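Observations on chain architecture
Now for the letters of each chain:
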Amino acid sequence: MDTMETKLLPASPQAIEEAAKLLRAGETVGIPTETVYGLAADATNSEAVTKIFEAKGRPQDNPLIVHISRMEELDRVVREIPQAALRLAEAFWPGPLTIIMKKSDAIPNTTSAGLDTVAVRMPSHPVAREIIRASGLPLAAPSANLSGLPSPTTAQHTFRDLNGRVPLIIDGGACAVGVESTVITVAGEKPTLLRPGYITKEQLEGALGCEVALSSAILNKLADGEVAASPGMKYKHYSPKADVIILKGSFDQYRAYLETHGGEGVFAMCYEGEEKKLPVPCIPCGRADDPASQAHALFSALREADDRNAKVVYAHCPAQNGLSMAVYNRLIRAAAFQVVEL
Ligand code: TXA
Ligand code: MG
């Protein structure tokens, strides 16, 4: 694709106005959200949305999330609002939850990748909200990484991936959550979790007063030929250049394994305070008893592995419940499902 000059501007009122102007003109803009940085364009404009796919190198069959700033904007993008969606919106919007509903005609097939549903999210990041409001548009925005790489959690990560591919990136600081939004569908018979995130399955069940089904692709590898409920789940994802390998066992077993597997280009992700106890160079990734801190640090840690020219990166195996489910889901994909039981 042609390269262009990419501006990186701090989130001033002028910069937000410039972003809104570009978006109204059918261009793409990198924007901060509370989860990860997004690459935004007018969700109702097929040509604008095509530019997102081109800039990221994203497969055309992977649908985009549509971002709104007020409940009134929801009517425009969905055909109907199920009761369950209202409950979830009431409990978790604005915030890191994406709800899938039947789409309206305002959403072109390019945005929904040909599905009859659309994923909608109302972010809580003040800059994201201000940009949506100023543009007057529902904004399609996938994570602002090049397809396949870890999602960007800073404007600098975004710039590194998209420099020369988009006209503008707005810097709103580091993302608080650090992993992408929780994705739930209420378009089918039973509410089903398609991607775990900061809002947990347990919290969703609390707000809905019923059980939430778990898409099988969340914790396991799809079988050959199996169709993903969420197309994004079938792609190799979040991968640094290094080979990521998850080790499942106690801290003592982790250390003992690393004693015999160190060498040039070998690194270990570790929890705060473990650096001095491990026999290989470490990449810190949050605190052992605090999955929110792990989620916050995960994608930066994966990018740091590349910066340090890691060939192999070992990582602790996270738990699979609560917020740890989100960390596990991302890490297992970065590791292409390689887990060693210690
Ligand atoms: O936190 C987030 O959600 C970030 C920020 C920028 O808002 N966005 C994000 O978008 O993570 P993306 O495109 O990287 O991930 C969207 C996921 C993909 O796995 C996609 O397949 C799924 O949501 N998805 C989107 N629309 C869908 C639909 N109609 N049905 C099923 N899955 C859908
Ligand atoms: Mg993504």
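Model, not experiment: these values are computed from the prediction.

On a regular strand, each side chain points to the face opposite its neighbour's, so the side chains alternate between the two faces of the sheet. Taken across its 5 residues, strand β3 (residues 38-42) has 5 buried, putting it largely inside the fold. For strand β2 (residues 29-31) and β3, the ladder comprises 3 bridges, and the chain directions are antiparallel. What sits directly across from I31, in β3, is G38. Connecting β2 to the antiparallel partner β3 that follows it, the hairpin turn spans 6 residues. Inspection of the sheet shows β3 paired to strand β7 (residues 139-140) by 2 bridges, in the antiparallel sense. Within β7, the position partnered with A41 by the bridge is A140.

Following both chains from N to C, one finds helix α10 (residues 291-307) and helix α11 (residues 324-334) inclined at 20°, their axes separated by 9 Å at the closest point. Comparing the axis directions of α10 and α11 gives the class roughly parallel. Note on packing geometry: the crossing formed by α10 with α11 is left-handed. The residues of α11 that touch α10, namely those facing P291, Q294, A295, L298, F299 and L302, are S324, V327, R330, L331 and A334. The residue makeup of the contact of α10 with α11, split by class, is 8 nonpolar, 2 polar and 1 charged.

So, on to the packing of aromatic side chains. With the rule as written, the count across this model stands at 1 aromatic pair. Both rings, one in Y257 and one in Y314, keep their centres 5.6 Å apart while their planes meet at 75°; by these two values the pair is edge-to-face. Taken together, the residues span a long stretch of sequence, with Y257 in helix α9 (residues 251-261) and Y314 in strand β15 (residues 312-316) at a distance of 57 residues. For the pair shown, Y257 and Y314 are each scored as buried. One Lys or Arg, K277, reaches over the ring of F251 and ends 5.9 Å from the middle of that ring.

Let us now look at the environment of A336. By the secondary structure assignment, A336 is in the loop between α11 and β16 (339-341). What makes A336 partly exposed here is its relative accessible area of 38%.

Take the sheet that holds strand β9 (residues 182-185) next. Spatial ordering of the open sheet is given by β1-β8-β2-β3-β7-β4-β6-β5-β9-β10-β11, a layout of 11 strands whose pairing is mixed. With one partner strand each, in any of the chains shown, β1 (7-10) and β11 (213-214) form the two edges of the open sheet. Against the sheet, helix α4 (residues 83-92) engages β5 (97-102) and β9, with an angle of about 160° to β5. Against the sheet, helix α8 (residues 201-208) makes contact with β5, β9, β10 (192-195) and β11, and its axis sits at roughly 45° relative to β9, the strand it touches most.

The next thing to look at is the packing of helix α1 (residues 13-24) against helix α6 (residues 126-135). Close contact between α1 and α6 brings their axes to 8 Å; oriented N to C, the two are set at 50°. In this view, α1 runs oblique relative to α6, as classed from their interaxial angle. Note that α1 runs across α6; the crossing there is right-handed. For the pair α1 and α6, the contacting residues are I16, E17, A19, A20, L23 and R24 in the first and V127, E130, I131, A134 and S135 in the second. Classifying every residue of the contact of α1 with α6 gives 7 nonpolar, 1 polar and 3 charged.

A word on the pattern of salt bridges. Enumeration over the complete set of coordinates arrives at 17 salt bridges. E130 serves as the salt-bridge partner of R133, at 2.7 Å between the closest nitrogen and oxygen. Of the two residues, R133 and E130 are both situated in helix α6; the distance of 3 residues between them amounts to about one turn of the helix. Here E130 falls in the partly exposed class, since its relative accessible area comes to 30%. Here the salt bridges share partners, and the residues they tie into one network are R70, E72 and E73.

Parameters at a glance
Residues numbered from 1 in each chain as written. Chains lettered and ligands numbered in written order. Predicted model: local features only at pLDDT ≥ 70, side-chain atom pairs only at ≥ 80, totals over all residues. Heavy atoms only, no water. Buried < 20%, exposed > 50% of the residue type's maximum accessible area, 1.4 Å probe, protein only. Helix = DSSP H or I, 4+ residues; strand = E, 2+ residues; numbered from the N terminus. Pairing = 2+ DSSP bridges. Axes fitted to C-alpha atoms, helices over the stretch in contact; angles between N-to-C directions. Parallel < 35°, antiparallel > 145°, perpendicular 65-115°, else oblique. Left-handed = near helix turned anticlockwise from the far one by under 90°. Contact = heavy atoms within 4.5 Å. Nonpolar A, V, L, I, M, F, W, Y, C, P; charged D, E, K, R; others polar. Phe/Tyr/Trp six-rings, centres within 6.5 Å; stacked < 30°, edge-to-face > 60°. Lys NZ or Arg CZ within 6 Å of the ring centre and 35° of its normal. Salt bridge = Lys/Arg side-chain N within 4 Å of Asp/Glu carboxyl O.

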